[in-house]
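Now for the letters of each chain:
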Amino acid sequence: MILQSLHQLYNRLAEDPQNGLPTPGYSLQNISFCVIIKADGSLIEIVPCRTETIEIGKNGKEKKTVRPLSLLVPGQSKPPGQGLNPCFLWDNTGYMLGFKPEDPKKSEAAREKERIRTLASFDAFKTRHLETETLIADPHFSSVCRFLESWSPDQAADHPMLQEIISGFGVFQISGSLKYVHQAPAVSRWWNEQNTISSAGETSFCLVTGKPAPTAATHDPAIKSVAGAQSSGAKLVSFNLKSVESFSKEQGDNSPVSETAAFAYCNALNWLLARKERRFRIGDATTVFWTAAATTAETLFPWMMSGVPEAEDTATKNRVHDLLKKISQGILGRDDLGDPTVPYYILGLSPNASRLSVRFWHTGELGELITKLKLHLQQLSLVRQWDETNSKNPEPVTPTVYQLLRQTSRDADGIPPLLGGALMRAIVLGTPYPDSLITAVINRIRAEREVSYLKVAVLKAWLIRNHHQLITPMLDETNVNLGYRLGRLFAALEKTQQDALPDLNATIRERFYSSASATPRAVFGRLLRLYPHHLGKLPIGGKIVREKLVQEILDSVQDFPSHLNLQGQAQFALGYYHQRKAFYPTKTKEATVA
């Protein structure tokens, strides 16, 4: 299903040349330099081959970024390893020119070993091209062969620009020609014929297309841009050990996928991963999103899940914010994100040595996804502690998945690896939230002794969805749940202490919150004995109001339990947060004017 969906995506994207998807037998590579030669093969110059892009930085100023030129070249990505594998009419400086900048940090013996390998690489590159000259019979290709015959790696010292090229690849160009040598018609024709011949091997039924076709031994190109995976790329499907092979079949024959289908799904996935508006992080999983047909949701949904980066333009931020607001309020238009009947696909990938593991895979109709997202946002809905009226950095009305996961750990690296997939599954399928999420949030509250808006929003959604409890976004004075009442009581006792002793560095929350929320009987007796002393220091008006509040809370409390379970502790945090927020109500503009 995953490979079939990616194969369909490739076919759709390949219809538009502007998407820049490679065709079979070719790959997109970062080209950093170009060797310009004359028709007789003599060198004219070696020039950098880069593009400049201007972006708006976080400070609002223009930021210029220089990137290598992305160019379609013959063959697939250069495989890692110590073997000699020269590419066709493109490669790094070691293969094309027999030169590689020396690393001063390496020992002399290591540098000498690298020099020998570089010269061997150049010889392999030259031999490969000279052997095919008569077969191609193209004047531009012959010019390259004359250059390789006449070039000596010692001449590289005359070109200081090469010292700056540490990574990236180069191509050839004939002076006066607008195209590169590998783009010459005769060269392209010969290369395509070679791919046709190499594909005419034994065939089997492809598991992706269902048609007989030559089977791919390995699925190329490798998948790149997955966080934590090898920079040279990793495989989504591979068989490189005897223990995972069956019936004496080797490599790709164990799950036959045709060469064209493997090429298509690998390039479609790389295309998604290379675009920041198509990928996002959920925990340690690099996630991509797409739909079966072109929709607005394809470019906006990732940001709706992960949040819009600060560097992104204001228009995009406002658009994503408005869409999330419409979804939570149930007023999203039918065409705001695309046709609701279009299938969607969410794929989460995590690194696993030189391969990739599928962390999660979800699919369904776009309309169902929006409905589930609306339910999730409504269950998270909670009165904010810091909003536009009292803070320059208001808390989000519609928190992203990443913001919710950050409530489980002190830093991003500490988020449990499996939690992101479980939370994502609960959101898009409408299933119960993982209990491990709540355990982690409550542990963070105990450790930090801070009952924040996002943490309480997570607890509220969990109580509503998993335990079908009726929870209001704001203070509910009619709620007689024991945990909720004790949370409110703890907030009232803390506020009384703060009013009586305003210069205290630490309140009862820093000292007693953990034990009060888990073992109330062991703590509340001591706190209630302190309460009259704090109450006595208040002015008469405040004393009456506070005493009425405490008595109203205690009316339905018959006894202090020896301990509260996970639900009770979540209710305790909710009651505490609601009561604290009621002590500091938001000032509306009308009230300010009055």
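Residues numbered from 1 in each chain as written. Predicted model: local features only at pLDDT ≥ 70, side-chain atom pairs only at ≥ 80, totals over all residues. Heavy atoms only, no water.

By the naming in an unreviewed UniProt entry, the protein goes by Type I-C CRISPR-associated protein Cas8c/Csd1 and is assigned to Synoicihabitans lomoniglobus.

Peer 1: Lay out the nonpolar core in plain terms, naming residues and giving numbers.
Peer 2: Ranked by size, the top nonpolar core spans 85 residues in total, and within it F289, M424, F490 and F524 carry the most contacts. The leading source of residues in this core is helix α13 (residues 453–467), at 10 residues. Not counting chain neighbours up to four residues away, the residues in contact with F490 comprise I508, R509, F512, Y513, A516, F524, L527, F572 and Y576. (Core = buried A, V, L, I, M, F, W, Y, C linked by side-chain atoms within 4.5 Å. Buried < 20%, exposed > 50% of the residue type's maximum accessible area, 1.4 Å probe, protein only. Helix = DSSP H or I, 4+ residues; strand = E, 2+ residues; numbered from the N terminus. Contact = heavy atoms within 4.5 Å.)

Peer 1: How would you summarise the sheet that holds strand β10 (residues 285–291) if you had to cite specific residues and measurements?
Peer 2: Taken in spatial order, the four strands line up as β9-β10-β11-β12 in an open sheet, and their pairing is antiparallel. In this open sheet, the two edge strands, each paired with only one partner strand, are β9 (279–282) and β12 (355–365). When the angles between neighbouring strand axes are averaged without regard to direction, this sheet yields 25 degrees. Here β10 pairs with strand β11 (residues 343–352) via six bridges, running antiparallel. In the sheet register, V288 faces β11, and the bridge partner there is L347. Across the face of the sheet, helix α7 (residues 297–306) comes into contact with β9, β10 and β11 while running at roughly 145 degrees to β10. Where helix α11 (residues 419–429) meets the sheet, its contacts fall on β9, β11 and β12, and the angle it forms with β12 comes to roughly 10 degrees. (Pairing = 2+ DSSP bridges. Axes fitted to C-alpha atoms, helices over the stretch in contact; angles between N-to-C directions.)

Peer 1: Residues and numbers for helix α14 (residues 482–500), please.
Peer 2: Its 19 residues place the ends of α14 27 Å apart at the C-alpha level, agreeing with the 27 Å of an ideal helix rising 1.5 Å per residue. Looking at where α14 begins, the residue whose side-chain oxygen comes 2.9 Å from the main-chain nitrogen of G483 is N481. (Expected span 1.5 Å × (residues − 1). Polar contact = N/O pair within 3.5 Å; in protein donor to acceptor, adjacent residues only side chain to side chain.)

Peer 1: Outline the pairing of β10, supporting the account with residue identities and numerical values.
Peer 2: The buried fraction of β10 is high, at seven of seven residues. When β9 meets β10, the two strands line up antiparallel, connected through four bridges. Bridge pairing in β10 places F280 opposite T287. The turn joining β9 and β10, which pair antiparallel and follow one another in sequence, is formed by two residues; a positive phi near 65 degrees is taken by G283.

Peer 1: Can you break down the packing of α14 against helix α15 (residues 508–518) residue by residue, with the values?
Peer 2: For the pair α14 and α15, interaxial distance at closest approach is 11 Å and the crossing angle is 165 degrees. Between α14 and α15, the angle falls in the class roughly antiparallel. Judged by the sense of rotation from one axis to the other, the crossing of α14 with α15 is right-handed. Facing F490, L493, E494 and Q497 of α14, the residues of α15 in contact are I508, R509, F512, Y513 and A516. Taken together, the residues of the contact of α14 with α15 sort by class into six nonpolar, one polar and two charged. (Parallel < 35°, antiparallel > 145°, perpendicular 65-115°, else oblique. Left-handed = near helix turned anticlockwise from the far one by under 90°. Nonpolar A, V, L, I, M, F, W, Y, C, P; charged D, E, K, R; others polar.)

Peer 1: Outline the confidence of the model for the protein, supporting the account with residue identities and numerical values.
Peer 2: Caution is warranted with low-pLDDT regions, since their predicted coordinates should not be read in detail. Here the protein averages 84 in pLDDT, while 93% of its residues score no lower than 70. When mean pLDDT is taken per element in the protein, α13 scores highest with 93 and helix α19 (residues 589–593) scores lowest with 44. (pLDDT = per-residue confidence, 0-100.)

Peer 1: So what's going on with the pattern of salt bridges? Which residues, and what values?
Peer 2: Inspection of the entire model under this criterion finds 18 salt bridges. Ionic pairing is found between K455 and E448, a salt bridge with its closest N-O pair at 3.1 Å. Take K455: its relative accessible area is 5%, and that puts it in the buried class. Accessibility expressed as a relative area gives 31% for E448, which makes it partly exposed. For E510, the salt bridge identified is with R509, shortest N-O distance 3.4 Å. Overall, E510 belongs to the partly exposed group, its relative accessible area being 29%. We classify R509 as partly exposed; its relative accessible area is 22%. Salt bridges here are not isolated pairs; linked through shared partners, they connect E108, R111, E112 and R115. (Salt bridge = Lys/Arg side-chain N within 4 Å of Asp/Glu carboxyl O.)

Peer 1: Could you give me a rundown of the pairing of β11, with the residues and numbers involved?
Peer 2: Of all 10 residues in β11, seven are buried; the element is thus mostly enclosed. Relative to β12, β11 is paired through 10 bridges, and the arrangement is antiparallel. Each residue of the ladder has a partner; that of N352, found in β12, is R355. Joining the antiparallel neighbours β11 and β12 is a turn of two residues, in which A353 adopts a positive phi near 60 degrees.

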